[in-house]
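# Structure assessment
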Amino acid sequence: MSTQTYDMTGLQQTLRERLGAHCVSVDEGVLDAHACDWSDAEKRRPQLVVMPRTPDEAAKALGMLSKLGQKVVVQGGLTGLAGGATPQANEVAMSLARMNAIEEFDTIGGTITVQAGLTLEQLQAHVEAQGWFFPLDLGARGSCQIGGNAATNAGGNRVVRFGVMRDLVLGMEVALADGTVLTMMNKVTKNTTGIDLKQLFIGSEGILGVITRLVLKLEPKPTVSNTALCALASFEAATRLLKELRRRLPALSSFELMWDDFMSAAMAIGALKPPFTTSSPVYAIVETLGASEEGERRALEEALEHALENAIVEDVIVAQSLDDAQRIWAYRETVGELLGRLKPHAAFDVGLPMIAMDRFVTTMKTTLTSRFPHQTHLFFGHLGDGNLHLLSGPYADATAMHEVEQLAYEEVRRAGGCISAEHGIGVVKQEFLHLSRSPEETDLMRKLKTLLDPREILNGGRLISEPVGESTSKNS
Ligand code: FAD
């Protein structure tokens, strides 16, 4: 881990005087806890951690830091996989963990106003207790924050029905780098009052401003969920099954694909039993969420029976209880443990046209197993969204890992896909951004960055590269 040596006492004192001692920490344990996200980006302690308790405090802190030219990294739940929240040299961290209040809950219209540091799981539990449902869901739900979800435009397991984070945000408040507060707390679905500025900040990975408050769109809480695990002979069969289920099941909410290698690794790391007596090349977890206990279950069973009769699926388990459903999801939920076990790893979250996905998997499997036979290469994904994950590792040697990244991203480009469909660019994919975005697009992104953060204090060196001559710290 890198350490910084220069004196931060002056800055610390100023921040303490103006924000209160409770807002600033240089405690060793706190610095360590804020030294990295979940990626393999190089760990580095921040100079200090600013922990505002309210959106106003966050804006005030930014205004002060900006005046001092002090670089800042924004930190949500630190579950990001792109290194965006990992501190870089001479940065202080702004942690939003304390800003987790639920400010307003419209239980008639189904919207909720929350501060950005609320965790996804806290939000889910809160709204479900009152008959509403926030559909975004991902394995990191216990730690990731709503602000982080918006900053990365998170996806997850239910995108096939409810869309990505961008589709769930109605309004937002942002503190710009100089402390200016941009209030865009829209609460209605239809709003044609000009450019929808909040969209600029969704998916911008904190380089344009700090998201401090959000208005979120809720769904009525489903009362019934049905889950099934399908064994499939091929990827092509999976695409046929998805089409069939989409046609027959309006309540379809998840369609998660796992290739056989992933399944074996999941069983090994999670000490899970094989679901079927024989193994199959591909597996799909299917879930419906709705309100009609009998009707939806019957519809799912009929659809799967039809798929069995037509040899679209080889075998099926339909969960008979919540425990069964959890046992099915347990295979997919081993991802967190696998990420840990395969470190240092190359973790991909690429977007691919569905028509190109099978070829991508076959090509990459063949290339990686022959080139890197001692590493594990696991494929899984959210088929309905064209989002494929590849987890490959461990790589003790950074050059080897880089080679894997080059191979995969070049193949993505050839397939007409995008290098990130979920986790964002951060630092780990920055050098490959040109494979997915044109020079004109990155140029416009840079102009927006310069417009909103002319002193380059916020999340510098992430997503887009720094302008020429700006790569050294502005600290003096
Ligand atoms: P952080 O990691 O703290 O930050 C991520 C980026 O957003 C950084 O650039 C940071 O500077 C910026 N940021 C954070 N908060 C703010 C804010 N309030 N304002 C401005 N910028 C901010 N992602 C998916 O999309 N789908 C998945 O299915 C999924 N599954 C995962 C499973 C596991 C086990 C893990 C570890 C991660 C998974 N992720 C997934 C990745 C990660 O959880 C998401 O990217 C998540 O949205 C990050 O939220 P966070 O609060 O942890 O953000």
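Bear in mind the structure is a predicted one, so any value in this text is a computation, not a measurement.

## Some points on the side chain of Glu-405
Examined against the element boundaries, Glu-405 turns out to sit in helix 14 (residues 398-415). Within the buried core, Glu-405 has no salt-bridge partner, and the shortest N-O distance to an opposite charge, that of Lys-429, equals 8.7 Å. Residue contacts for Glu-405: discarding those within four places in its chain leaves Ala-346, Phe-348, Val-428 and Phe-432.

## A few points about the sheet that holds strand 12 (residues 224-232)
With antiparallel pairing, the seven strands of this open sheet are ordered in space as 15-12-14-13-17-18-16. Each of the sheet's edge strands pairs with one partner strand only, and the pair in question is strand 15 (315-318) and strand 16 (346-351). Here the strands of the sheet are splayed against their neighbours by 15° on average, with no regard to which way each runs. Both strand 12 and strand 14 (residues 282-290) contribute to a ladder of nine bridges, which runs antiparallel. Each bridged residue has a counterpart across the sheet, and for Cys-230 the counterpart in strand 14 is Ala-284. Its contacts with the sheet put helix 8 (residues 235-248) on strand 12, strand 13 (252-259) and strand 14, and the angle it makes with strand 13 is roughly 175°.

## Structural notes on the sheet that holds strand 3 (residues 72-75)
Here we have four strands laid out as an open sheet, ordered 1-2-4-3, and mixed in their pairing. Each of the sheet's edge strands pairs with one partner strand only, and the pair in question is strand 1 (24-25) and strand 3. In this sheet, strand 4 (residues 92-95) lies alongside strand 2 (residues 49-50) in parallel orientation, the contact comprising two bridges. Each bridged residue has a counterpart across the sheet, and for Val-49 the counterpart in strand 4 is Ala-93. Relative to the sheet, helix 3 (residues 55-68) contacts strand 2, strand 3 and strand 4, its axis offset from that of strand 4 by approximately 165°.

## A short note on the packing of aromatic side chains
By the definition in use, this model includes eight aromatic pairs. Here the aromatic rings of Phe-235 and Trp-259 are separated by 6.0 Å at their centres, their planes lie at 10°, and the arrangement is stacked. Of the two residues, Phe-235 is situated in helix 8 and Trp-259 in strand 13; the sequence distance between them amounts to 24 residues. Take Phe-235: its relative accessible area is 6%, and that puts it in the buried class. A relative accessible area of 5% places Trp-259 in the buried class. A ring pair is formed by Phe-372 and Tyr-395, whose centres lie 5.4 Å apart and whose planes are at 90°; its orientation type is edge-to-face. On the criterion of sequence distance, the pair formed by Phe-372 in the loop between helix 13 (354-371) and strand 17 (376-382) and Tyr-395 in the loop between strand 18 (387-393) and helix 14 is long-range, its members being 23 residues apart. Relative accessible area serves as the criterion here: at 7%, Phe-372 is assigned to the buried category. Judged by its relative accessible area of 2%, Tyr-395 is buried. Counting every residue linked through ring pairs, the aromatic cluster contains Phe-235, Trp-259 and Phe-379.

## Let's talk about the packing of helix 13 against helix 14
Contact geometry of helix 13 with helix 14 gives a least axis separation of 11 Å together with a crossing angle of 160°. Taken together, the axis directions place helix 13 and helix 14 in an arrangement best described as roughly antiparallel. Crossing hand, helix 13 versus helix 14: right-handed. Residues Ala-356, Phe-360, Thr-363, Met-364, Thr-367, Leu-368 and Arg-371 of helix 13 form the contact with helix 14, whose participating residues are Glu-403, Val-404, Leu-407, Ala-408, Glu-411, Val-412 and Ala-415. Of the residues that constitute the contact of helix 13 with helix 14, the class distribution is nine nonpolar, two polar and three charged.

## Topic: the side chain of Ser-204
Inspection of the secondary structure assignment puts Ser-204 in the loop between helix 7 (198-201) and strand 10 (210-217). With a relative accessible area of 6%, Ser-204 lands in the buried category.

## A closer look at the site of the ligand
The full set close to the ligand counts 34 residues, and Val-74, Gly-76, Gly-77, Thr-79 and Gly-80 are the nearest of them. Within the side chain of Thr-79, one N or O atom sits 2.7 Å away from an oxygen atom of the ligand. At the level of elements, strand 3, helix 5 (146-151) and strand 10 are the ones that each hand at least two residues to the shell around the ligand. The element that contributes the greatest number of residues to the shell around the ligand is helix 5, accounting for four residues. Among the residues forming the shell around the ligand, the class breakdown is 14 nonpolar, 18 polar and two charged.

The rules behind these values
Residue positions within a chain follow its written sequence, with the count starting from 1. Local features are withheld for residues below a pLDDT of 70 in this predicted model, meaning they are given only at 70 or higher, and side-chain atom pairs are given and counted only at 80 or more; totals for whole chains, interfaces and linings count all residues. Side-chain measures were taken over the full set of non-hydrogen atoms in the model, leaving aside hydrogen atoms and water. By definition, any uninterrupted DSSP run of H or I lasting at least four residues is a helix, any uninterrupted run of E lasting at least two residues is a strand, and each is numbered from the N terminus. A 1.4 Å probe rolled over the protein chains alone gives each residue an accessible area, and that area as a share of the maximum for its type sets the label: buried under 20%, exposed over 50%, partly exposed in between. In this count, Lys and Arg are taken as positive residues and Asp and Glu as negative ones, while His and the chain termini are left out. Salt bridge, as used here: a side-chain nitrogen of Lys or Arg that lies within 4 Å of a carboxyl oxygen of Asp or Glu. Throughout, a residue-residue contact means that at least one pair of heavy atoms, one from each residue, lies within 4.5 Å. A pair of strands counts as paired when DSSP detects no fewer than two bridges linking them. Lines are fitted to the C-alpha atoms to define the axes, a helix being fitted only along its stretch in contact, and any angle between axes, read from their N-to-C directions, falls within 0 to 180 degrees. We call Phe, Tyr and Trp rings a pair once their centres come within 6.5 Å, taking the six-membered ring for Trp, and we label the pair stacked below 30 degrees between planes, edge-to-face above 60, and tilted otherwise. Angles are sorted into four bins: roughly parallel if under 35 degrees, roughly antiparallel if over 145, roughly perpendicular if 65 to 115, and oblique for all others. We call a crossing left-handed when the near helix sits turned anticlockwise from the far one by less than a right angle, and right-handed when that turn is clockwise. Each residue is assigned to one of three groups, with Ala, Val, Leu, Ile, Met, Phe, Trp, Tyr, Cys and Pro labelled nonpolar, Asp, Glu, Lys and Arg labelled charged, and all others, Gly among them, labelled polar. Nearness is judged by heavy atoms alone; a residue qualifies as near a molecule or strand once a single heavy atom is within 4 Å of it. Polar contact is defined as a pair of N or O atoms within 3.5 Å, subject to the rule that within protein one atom must be able to donate a hydrogen and the other to accept it, and that residues adjacent in sequence are counted only when both atoms are side-chain atoms.

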